[in-house]
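Chain by chain, the residues run as shown.
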Amino acid sequence: MQNAIEIEHLKKYYGEVKAVDDISFTVKQGEFFAFLGVNGAGKSTTISILCGKEQSDGGTVRIEGLGQENLDEVKKRLGVVFQDCVLDRPLSVYDNLRYRAALYGITGQAFEETLKELCALFDLTPILKRPVDKLSGGQRRRIDIARALLHRPNILILDEPTTGLDPQTRKSVWEIVHRLRKERNMTVFLTTHYMEEAADADNVVIIDSGKILANATPLELKNRYTGDFITFYNAEEEELKALGMPYEKVGKTYRIEVANTEKATELVLKYPKIFRDFEITKGKMDDVFLAVTGRRLEQ
């Protein structure tokens, strides 16, 4: 499998602030890749360099084998959905998409055919003539993604694409993205605050203070940084103290972490009266991120 993105020893400094501090990683063609970090970790700076919006202070970036000296060609390979809406709000949805398509030389009948395809994907027909500033956040986000796909890019970069959206709209957005990825073998590069979105990634990189702290599949990260969790329902805190283990109160439940399922089974057999109503689950990406960085991602 070829590399869609190759980053080697990338650096970007703002005075004494090392926004990106000598990072290296690759993203395979057709891969769903998650790039995780708190605000200020270096994610958006890396994306800005990938897209040619900013110059690096060192290192190399290659997009499908092309370096930054081929920036015009690189931009044709990339579709980017930024955190903030980049649509012209006073204009209609149709005009926004038409003007954007023209920048890629997509005009006339070619644009109408592309628009028809995107309308089917994103259910845009009922809102094509409406001004963008009269739409809901979820509708604007769908148009943002449609805009990024006008020129059929090989790589789709999603920078916090579902922040602020309701769960149903987030689900709809991801259904479309994953469908396109499978149909077109499109590479998806994601930054997100929603850990459940990263859990489905083929590979995850965690960045903090400009440095990469972890780089592996979600399963490998879970096995390396978390164990199993036992959640107790309808338990008394005094009962949990009898286990002699650290525990965490989560709402009306209590949770303890164990090394693996075997250790959980030992506890069940040793303290059967405490284990009246419980479940054992694997660690989640939230737990991985906390273990790697010492903090949780804010949503």
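Our structure's up above, just so we're on the same page.
As a starting point, this report considers the structure included with it. (Residues numbered from 1 in each chain as written. Predicted model: local features only at pLDDT ≥ 70, side-chain atom pairs only at ≥ 80, totals over all residues. Heavy atoms only, no water.)

## Here's the deal with the sheet that holds strand E1 (residues 3–14)
Phase 1 of the analysis: Spatially, three strands are ordered E2-E1-E4 in an open sheet, and the strand pairing comes out antiparallel. Edge positions in the sheet fall to strand E2 (17–28) and strand E4 (58–63), since each has one partner strand and no second. Neighbour-to-neighbour, the strand axes of the sheet open up by a mean angle of 15 degrees, direction not taken into account.
Phase 2 of the analysis: Across nine bridges, E1 lies against E2 in antiparallel orientation. Residue pairing for E2: Lys11 is matched across the bridge by Asp21.
Phase 3 of the analysis: Strands E1, E2 and E4 of the sheet are contacted by helix H1 (residues 43–50), whose axis makes an angle of about 115 degrees with E1. (Pairing = 2+ DSSP bridges. Helix = DSSP H or I, 4+ residues; strand = E, 2+ residues; numbered from the N terminus. Axes fitted to C-alpha atoms, helices over the stretch in contact; angles between N-to-C directions. Contact = heavy atoms within 4.5 Å.)

## Considering the sheet that holds strand E6 (residues 155–159)
Phase 1 of the analysis: Ordered by their spatial adjacency, six strands build an open sheet running E5-E6-E7-E3-E8-E9, and the pairing between neighbours is mixed. The open sheet is flanked by strand E5 (78–81) and strand E9 (211–216), the only strands paired with a single partner. Taken pair by pair, the neighbouring strands of this sheet meet at an average axis angle of 15 degrees, ignoring direction.
Phase 2 of the analysis: In terms of strand pairing, E6 meets strand E7 (residues 187–191) through five bridges, oriented parallel. Following the sheet pairing, Leu156 is matched in E7 by Val188.
Phase 3 of the analysis: Here helix H8 (residues 218–225) sits on the sheet in contact with strand E8 (203–208) and E9, set at roughly 105 degrees to E9.
Phase 4 of the analysis: Contacting strand E3 (32–36), E8 and E9, helix H11 (residues 285–293) crosses the sheet at an angle of about 40 degrees to E8.

## Let's talk about the packing of aromatic side chains
Phase 1 of the analysis: As enumerated under the stated definition, the model contains eleven aromatic pairs in all.
Phase 2 of the analysis: Aromatic side chains Phe32 and Trp174 sit 5.5 Å apart centroid to centroid with 50 degrees between the ring planes, which places their arrangement in the tilted category. Separated by 142 residues along the polypeptide, Phe32 in strand E3 and Trp174 in helix H6 (residues 167–184) bring together distant segments of the chain. Like Trp174, Phe32 is buried.
Phase 3 of the analysis: Above the plane of the ring of Tyr94 lies Lys129, whose end atom (NZ or CZ) is 4.4 Å from the centre.
Phase 4 of the analysis: A cation over a ring is seen here: Arg255 above Phe229, with NZ or CZ 3.9 Å from the ring centre. (Phe/Tyr/Trp six-rings, centres within 6.5 Å; stacked < 30°, edge-to-face > 60°. Buried < 20%, exposed > 50% of the residue type's maximum accessible area, 1.4 Å probe, protein only. Lys NZ or Arg CZ within 6 Å of the ring centre and 35° of its normal.)

## Some details on the environment of Tyr247
Phase 1 of the analysis: For Tyr247, the location among the structural elements is in the loop between helix H9 (237–241) and strand E11 (248–250).
Phase 2 of the analysis: Distance from Tyr247 to Glu237, taken between C-alpha atoms, is 9.3 Å for residues ten residues apart in sequence.
Phase 3 of the analysis: Excluding anything up to four places from it in sequence, Tyr247 contacts Glu237, Leu240, Lys241, Tyr254, Arg255 and Ile256.
Phase 4 of the analysis: In this structure the side chain of Tyr247 is engaged in a polar contact, spanning 2.7 Å, whose partner is the side chain of Glu237. (Polar contact = N/O pair within 3.5 Å; in protein donor to acceptor, adjacent residues only side chain to side chain.)

So yeah, pure geometry; function would need other evidence.
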